[in-house]
Amino acid sequence: MPDEPSDAELIAGSDGDVTPFALLYKRHAPDVLRYFVRRTGCPQTAADLAAETFAQALRSRSRFRDTGAPGRAWLFKIAQRQLARFLRTEQVSDRARQRLGMRRIVLSEEDIERVEQLADFAAIRPHVQDALAALPAVQADALLLRIGEGLPYREVARRLGCSEGAARVRVSRGLQALGDRLPDQWEGTP
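Within each chain, residues carry numbers counting from 1 in the order of the written sequence. In view of the model being predicted, local features appear only for residues whose pLDDT reaches at least 70, and side-chain atom pairs are presented and counted only at 80 or more, with totals across whole chains, interfaces and linings using the full set of residues. Each side-chain value is derived from all of the structure's non-hydrogen atoms; neither hydrogens nor water enter the calculation.

With respect to the confidence of the model for the protein
Point 1. Per-residue confidence from the prediction method is given by pLDDT, with values spanning 0 to 100. Per-residue pLDDT for the protein has a mean of 81; in total, 91% of the residues score no lower than 70.
Point 2. Working definition: helices are DSSP H or I runs of at least four residues, strands are E runs of at least two. Numbering for both runs from the N terminus. Per-element confidence in the protein is highest for helix 9 (residues 153-160), whose mean pLDDT is 91, and lowest for helix 5 (residues 95-99), whose mean pLDDT is 73.

Pasting the structure below:
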């Protein structure tokens with residue numbers, strides 16, 4: 001059986017033919033989806049972010065430069081930018097998908113269950129609880145309101161008695177600290 005092409009070869013080979021890119025998608029879509037669902041806690045948001053990540057990767061594949069780093073790292077850099085934009089704006093961008101003519105897919109209950117199984121929340125729950133307990137109360141409270149309850153920043157700020165900007169900072173710092181405290185095997189990134 002011949003060696004499978006590297007990510008870089010798939011990206012470079014998809015310039016005139018999207019078939020290699022489809023292989024890249026199949027190879028990394030579960031990890032990208034897991035990355036987003038573990039960070040947003042919402043399967044639909046995770047699916048939207050994953051779709052936008054791959055659409056953006058497809059649109060920008062001609063700018064990919066093989067530096068010797070895995071192509072997966074390039075893909076996750078795009079994913080990190082999508083997540084940062086989402087956390088900043090509270091909306092999933094769909095610009096790349098629109099430019100490619102892709103429609104938004106709404107997940108069924110069955111799809112949501114599969115995404116949650118992929119994220120394996122049960123396995124990481126104790127680690128998240130321990131890491132959350134180690135955070136300063138202002139960060140933990142902000143995370144529970146924003147991520148746990150899915151409240152908009154305006155409501156998080158109201159409940160915490162602070163400005164919306166302060167609520168965003170607390171959530172951002174809390175997520176960073178939480179990520180620093182979680183074991184590497186739960187990260188799902190390169």
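Comments concerning the side chain of Q44
Point 1. Considering the arrangement of structural elements, one finds Q44 in helix 3 (residues 43-59).
Point 2. Accessibility expressed as a relative area gives 14% for Q44, which makes it buried.
Point 3. Contact partners of Q44, with chain neighbours within four places excluded, come to R104, I105, V106 and L107. In this scheme, a residue with accessible area under 20% of its type's maximum is buried, one over 50% is exposed, and one in between is partly exposed, where area comes from a 1.4 Å probe on protein chains only. Here, residues are in contact when the closest pair of their heavy atoms is within 4.5 Å.

Description of the nonpolar core
Point 1. The set of buried Ala, Val, Leu, Ile, Met, Phe, Trp, Tyr and Cys residues whose side-chain atoms join them within 4.5 Å is what this entry labels a nonpolar core. Ranked by internal contacts, the top residues of the largest apolar core, which has 29 residues, are V32 and F36.
Point 2. Those elements that place two or more of their residues in this core are helix 1 (7-13), helix 2 (19-40), helix 3, helix 4 (71-89) and helix 6 (109-119).
Point 3. Of all the elements, helix 2 adds the most residues to this core, at eight residues.
Point 4. Setting aside residues no more than four positions away along its own chain, F36 makes contact with G41, A46, L49, A50, T53, A79, Q82 and L83.
Point 5. Among the nonpolar cores identified, the runner-up in size contains 16 residues, and A142, L151, V156 and A167 belong to it.

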